[in-house]
Amino acid sequence: MNQNNELFGQGSGREINIREFLHKYIRNWKWFVLSVVVFLSLGYVYIRAQIPQYVVHTDILIKDDKSSSNNDKDLLQQLNLNSSAKVIDNEIQILKSNTLMEKVISSLGIQTSYYIQNNLSKIVLYNNIGFKVDLLKENINSYIKPWPLKIINSSEAEFNGKTIPINSPVQTEAGLLIIIAKNAKADNTLFQVNFNSVENVAQSYINSLKIDPATKEATVLTISMEDANVERGKDILNKLVEVYNQAGIEDKNITTANQLTFLKGRIDTLAVELNSVEKNVQVYKSANKITDIGAEATAFLAAVQANDDAISELKIQMGTLNNLESYLNSPDNGSAKIPAMLGVSDPTMLALVQQLGDAQIKKQTLLKSVPESNPLISSMTDNIKVLKQTTSQTLGNLKSGLANTLHQLSMQSNANDAIIRNVPLKERGLVDVMREQSIKNNLFTYLLQKREETALSLASTTADSRTINKARGSYIPIKPVKTTLYLTFLLLGLFLPFSVIAGKEVLNVRVRKRADIKKHTNTPILADISVAPDDSDPLIVVAKPRSMLAEQIRALRSNLQYIAPEPEQKVFLFTSSVSGEGKSFISLNLGASLASTGKKVIILELDLRKPKLNTALKIDNKIGISNYLIGKADYNSIIKTIPQQENYSIITSGPTPPNPAELLLNGRIEVLIAELKKEYDYVLLDAPPVGLVTDAHILAKWANVTFYIVRYNYTLKSQVLLIDELKQTDVFKNLNIIFNAVDPDTGGYGYGYGYGYGYGYGYGYGYYSDDKPKKGFLQRLYKKK
């Protein structure tokens, strides 16, 4: 038995497994070619259907507030690292905000797009189209699809199949719209008009917008995006930078504009008061007939006026500081405006207020594009809180100093009042009214000067960014990347048949190659037999002796010398797991092949329940083994010759008995086999399947060799386990496997090991004269299994 294993067993080395693995894909190479061709065709169609995308980019410099001269800043402002320098991440978020992009889209009017559909491809249009379509009032159908448009002439157009006037509002299925045409050509070009909302278009462009710093330390930002039209992309980026700069200027002018408004209102009020005081002076002089006062009184009045001016300025500063203190102490002033620092000249206080105002503006600006929970907002809130505390402390110190100064000036004013009491009554009255006039006049002049300074500051405000490079684009599309897409579709074309074949292999539960058999049993495989044509003769070795299948049967016959070398080993048993695996076909043709060598051969049709041999050979089955077993027929009366092959006889099954197993146990079958062994060189027992009935087990004790038939793509892998159990229990003597009905096109033979395994024929003769012509590719693809 070990010798048989060496002769007919198959190794399981790594090389064999690799060849086996590759062979199942190589033999299906035509499917791979077909799949690759189909997928590459799909790739071509897909690429043609894609709209080419171009990259457009621009560069801007974000001005760093820290880069200005240190002379313009006090020490405290220089130490506050986060007070005024631009935070690049914040500026990126602002540039990507919906507010700015929606302004860009509305300004350029690109919420409506136009293109021409050419078979698979689209041509995106922008500018110089000759017309534009404005959607005046949308409806539920406006955005659901592109709308076809054709210019008929200078006054009419065809929109969605209906003729409508040009340059006049008209109600359509897409909503109320107007077609504005200037130089439109009536050339029957069919345009597609795609309406969309400003919000959706803005969001789509924001998603494609990419903003990166040039380097880690630089404040230069490179803004890039992809668009189907280079000119449109350039206009979008240039407009985005313009809108961004304008928004920055507006934010910076908020505080200045508040101060200017305050100054204008205060000047108007003071002008009325000054006019009233001047009239009082005029009336007093006229009533008291006073034309001038003495030089001493004049000098004294000048000193009094200077003291009063200083007190007025201090009061203005104190009022401003009180307003600022109220602002700082307010529990919620995130959106309140910082009071104007009118009259305050302390550089430290002005610097702190400026930083606080800038921080508040930055926070409010950033809140337009990011949620309040963003870490940047939290950081800015903490910075504002620190600035308020520092400002409050500085404010207290400043107010204390101003209060001391005001107290001293007030004491001087009281002393001046005592002196004035000594002036003659009329002159003292004149001094009083002129004193009030001087105060109002000086204050009015001071406010006018501040108004002009504030207006000049407002007019000279510049943006915090500068365009380094205007938007520019590449006229070579970056998408679709044809090489990558073709490679992807190529891999898909290879993957599909690969996965289908691998999936079929994983899900397959039937025996399809030698490895499936050897994986579950060590029983030697004696031979591989090809599948027989559907219309072939039952005795194919006789009808087509030069066919490939006949050669395989002869090879099987040659291998009998290794498993039954002794003359007395002449009884062969044929069985299988289930019906239909080809044991009758194999036994019949092996018998015919043995008989063709001059040996006397007889085959017994022992499948009493489902006989097939008599039907295939068209032999009368009225008398057979069942008659002999019940004693109704003798030995000679049941033997019939097979006319197609000399020296070949058969004993058919006879009428179907109700108890086949019991008949095989009555002892007469043993006598019959003993008699046949005396007269014939080989006795072949065509037994029923072992997996269904016990007949084969009963017959096994009289057989010298057992052939177990496994059929390609028919026998279940789990049924092969039964062979190993039978071999281990030694129920069947000299058990061997015949792999039947193997399809040559599927490579079930073992991938390069031939048929013989020692039986000498294999494929050595090439194609035989009795073989049918080789089937074409499509025939093999769709042939019935």
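As the structure is a prediction and not an experimental result, all values here were calculated from the model.

Criteria and thresholds
Residues numbered from 1 in each chain as written. Predicted model: local features only at pLDDT ≥ 70, side-chain atom pairs only at ≥ 80, totals over all residues. Heavy atoms only, no water. Pairing = 2+ DSSP bridges. Helix = DSSP H or I, 4+ residues; strand = E, 2+ residues; numbered from the N terminus. Axes fitted to C-alpha atoms, helices over the stretch in contact; angles between N-to-C directions. Salt bridge = Lys/Arg side-chain N within 4 Å of Asp/Glu carboxyl O. Buried < 20%, exposed > 50% of the residue type's maximum accessible area, 1.4 Å probe, protein only. pLDDT = per-residue confidence, 0-100. Contact = heavy atoms within 4.5 Å. Phe/Tyr/Trp six-rings, centres within 6.5 Å; stacked < 30°, edge-to-face > 60°. Patch = residues over 30% accessible without salt bridge, like charges linked within 9 Å, V, L, I, M, F, W, Y side chains within 5 Å. Areas by Shrake-Rupley, 256 points an atom, 1.4 Å probe, with all protein chains shown as cover. Parallel < 35°, antiparallel > 145°, perpendicular 65-115°, else oblique. Nonpolar A, V, L, I, M, F, W, Y, C, P; charged D, E, K, R; others polar. Arc of directions from axis to C-beta. Left-handed = near helix turned anticlockwise from the far one by under 90°. Expected span 1.5 Å × (residues − 1). Core = buried A, V, L, I, M, F, W, Y, C linked by side-chain atoms within 4.5 Å.

Undergrad: When you look at the sheet that holds strand E7 (residues 162-165) in this model, what are you seeing that I'm missing?
TA: Backbone-to-backbone hydrogen bonds join strands into a sheet, with any given pair of strands oriented parallel or antiparallel. The strand order across the open sheet formed by six strands is E3-E2-E10-E5-E6-E7, and the pairing between neighbours is antiparallel. Only two strands of the sheet have a single partner each, and these edge strands are strand E3 (121-125) and E7. Recorded for the sheet is a direction-independent mean angle of 35 degrees between the axes of neighbouring strands. Pairing of strand E6 (residues 156-159) with E7, which is carried by four bridges, proceeds in the antiparallel orientation. Bridging across to E7, Glu-158 finds its partner in Thr-163.

Undergrad: Sorry if this is basic, but what is going on with the pattern of salt bridges here?
TA: For side chains bearing opposite charge, pairing can occur when the charged atoms are close. Using the criterion set out here, one finds 16 salt bridges in the structure. In this structure, the salt-bridge partner of Asp-134 is Lys-132, at a minimum N-O distance of 3.9 Å. By relative accessible area, Asp-134 is classed as partly exposed at 27%. Two residues, Glu-173 and Lys-162, come together in a salt bridge whose shortest N-O distance is 3.6 Å. Within this pair, whereas Glu-173 is found in the loop between strand E8 (170-172) and strand E9 (175-181), its partner Lys-162 is found in strand E7, the two being separated by eleven residues in sequence. One salt-bridge network, held together by shared partners, links Lys-513, Asp-516 and Lys-717.

Undergrad: Could you clarify how one ought to interpret the confidence of the model for the protein in this entry?
TA: If pLDDT is low for a region, its predicted coordinates should not be looked at in detail. Taken residue by residue, the protein gives an average pLDDT of 80. The fraction at 70 or more is 85%. Within the model, pLDDT remains below 50 along residues 1-16, and this stretch shows 30 contacts once partners closer than five positions in the same chain are excluded. For the stretch residues 749-774, pLDDT sits under 50, and the model shows 65 contacts to residues farther than four places along the chain or on other chains.

Undergrad: How should I be thinking about the sheet that holds strand E1 (residues 54-62) in this particular structure?
TA: Reading across the sheet, the four strands line up as E11-E12-E1-E13 and stay open at both edges, with antiparallel pairing between neighbours. Bordering the open sheet on either side are strand E11 (210-213) and strand E13 (465-473), each of which pairs with just one other strand. Direction aside, the axes of adjacent strands within the sheet are offset by 20 degrees on average. Here E1 pairs with strand E12 (residues 220-227) via eight bridges, running antiparallel. From the neighbouring strand, His-57 faces E12, where its bridge partner is Ser-224. Contacts from helix H7 (residues 198-208) reach E11 and E12 within the one sheet, and its direction differs from that of E12 by about 120 degrees.

Undergrad: How should I be thinking about the pairing of strand E14 (residues 525-530) in this particular structure?
TA: One face of the sheet, then the other: side chains in a regular strand alternate in exactly this way. Of all six residues in E14, six are buried; the element is thus mostly enclosed. Strand direction decides the pairing type here: E14 and strand E21 (residues 735-742), joined by four bridges, are parallel. Within the sheet, the bridge partner assigned to Ser-530 lies in E21 and is Val-742.

Undergrad: It is not clear to me how the packing of aromatic side chains should be interpreted in this structure. Could you clarify?
TA: Both the distance between ring centres and the angle between the ring planes are used here to describe each pair of aromatic rings. This model, assessed by the stated rule, comprises ten aromatic pairs. Relative to Phe-191, the ring of Phe-131 has its centre 5.1 Å away and its plane inclined at 70 degrees; by these criteria the two rings are edge-to-face. On the criterion of sequence distance, the pair formed by Phe-131 in strand E4 (residues 131-138) and Phe-191 in strand E10 (residues 191-194) is long-range, its members being 60 residues apart. For Phe-131, a relative accessible area of 7% corresponds to the buried category. Judged by its relative accessible area of 9%, Phe-191 falls in the buried class. An angle of 55 degrees between the planes, with centres 6.4 Å apart, marks the rings of Tyr-712 and Phe-739 as tilted. Within this pair, whereas Tyr-712 is found in the loop between strand E20 (705-711) and helix H24 (717-729), its partner Phe-739 is found in strand E21, the two being separated by 27 residues in sequence.

Undergrad: What's the story with the environment of Ala-741 in this structure? I'm lost.
TA: Relative to the helices and strands, Ala-741 resides in strand E21. Along the primary structure Ala-741 and Glu-581 are separated by 160 residues, whereas in three dimensions their C-alpha atoms are 8.3 Å apart. Filtering out sequence-adjacent residues up to four positions away, Ala-741 remains in contact with Ile-529, Ser-530, Val-531, Arg-711 and Tyr-712.

Undergrad: Got a minute to help me understand the pairing of strand E2 (residues 113-118) in this structure?
TA: Here E2 runs beside E10; their pairing, made up of three bridges, is antiparallel. Paired with Tyr-115 across the strands is Gln-192, a residue of E10. Looking at chain direction, E2 and E3 are connected through five bridges and run antiparallel. When the bridges of E3 are listed, Tyr-115 appears paired with Val-124. Connecting E2 to the next strand, E3, in antiparallel fashion are two residues, including Asn-119 with a positive phi near 50 degrees.

Undergrad: Quick question: what am I supposed to make of a nonpolar patch on the surface here?
TA: On the surface, a nonpolar cluster with roughly 570 Å² of combined accessible area is contributed by Ile-18, Phe-21, Leu-22, Ile-26, Phe-495 and Phe-498. Put simply, the parts of the chain that give the nonpolar patch at least two residues each are helix H2 (14-26) and helix H13 (482-507). The biggest single contributor to the nonpolar patch is H2, with four residues. Within the secondary structure layout, Phe-498 lies in helix H13. What makes Phe-498 partly exposed here is its relative accessible area of 32%.

Undergrad: What is the right way to look at the packing of helix H16 (residues 548-558) against helix H18 (residues 583-595) in this model?
TA: Think of two packed helices as two axes; the pair is described by the angle between the axes and how far apart they sit. At a minimum axis separation of 9 Å, H16 and H18 run at an interaxial angle of 75 degrees. The pairing of H16 with H18 is recorded here as roughly perpendicular in orientation. For the pair H16 and H18, contact is made by Leu-549, Ile-553, Arg-554, Leu-556 and Arg-557 and by Phe-585, Ile-586, Asn-589, Leu-590, Ser-593 and Leu-594, respectively. Taken together, the residues of the contact of H16 with H18 sort by class into seven nonpolar, two polar and two charged.

Undergrad: Please explain helix H6 (residues 98-108) as it appears in this structure.
TA: What sets the pattern is the α-helix's 3.6 residues per turn: residues three or four places apart point alike. Residues of H6 that are buried include every one of Leu-100, Met-101, Val-104 and Ile-105, and no others. End-on, the buried residues of H6 take up no more than an arc of 135 degrees, which puts them together on one face. After H6 finishes, the residue Gly-109 shows a positive phi value of roughly 65 degrees.

Undergrad: What exactly am I supposed to notice about the packing of H6 against H7 here?
TA: Two elements in contact, H6 and H7, have axes whose closest approach is 9 Å; the angle formed by their N-to-C orientations is 115 degrees. If you check the angle between H6 and H7, you find them roughly perpendicular. By crossing handedness, the relation of H6 to H7 is classed as right-handed. Here Asn-98, Met-101, Glu-102, Ile-105 and Ser-106 of H6 come into contact with H7, specifically with Val-198, Glu-199, Val-201, Ala-202, Gln-203, Tyr-205 and Ile-206.

Undergrad: When you look at H13 in this model, what are you seeing that I'm missing?
TA: In this model H13 runs 37 Å from its N-terminal to its C-terminal C-alpha over 26 residues, within 8% of the 38 Å that 1.5 Å per residue would give. Taken residue by residue, H13 has Leu-485, Phe-489, Gly-493, Pro-497, Ile-501 and Glu-505 as its buried positions.

Undergrad: What should I look at first to understand the nonpolar core in this one?
TA: If you look at the biggest cluster of nonpolar residues, it comprises 45 residues, and the most contacted ones within it are Leu-604, Ile-669, Leu-672 and Leu-676. Look past the residues within four positions of Leu-604 in its chain and what remains in contact with it is Ile-625, Ile-651, Leu-672, Leu-676, Val-683, Leu-684, Leu-685 and Asp-686.

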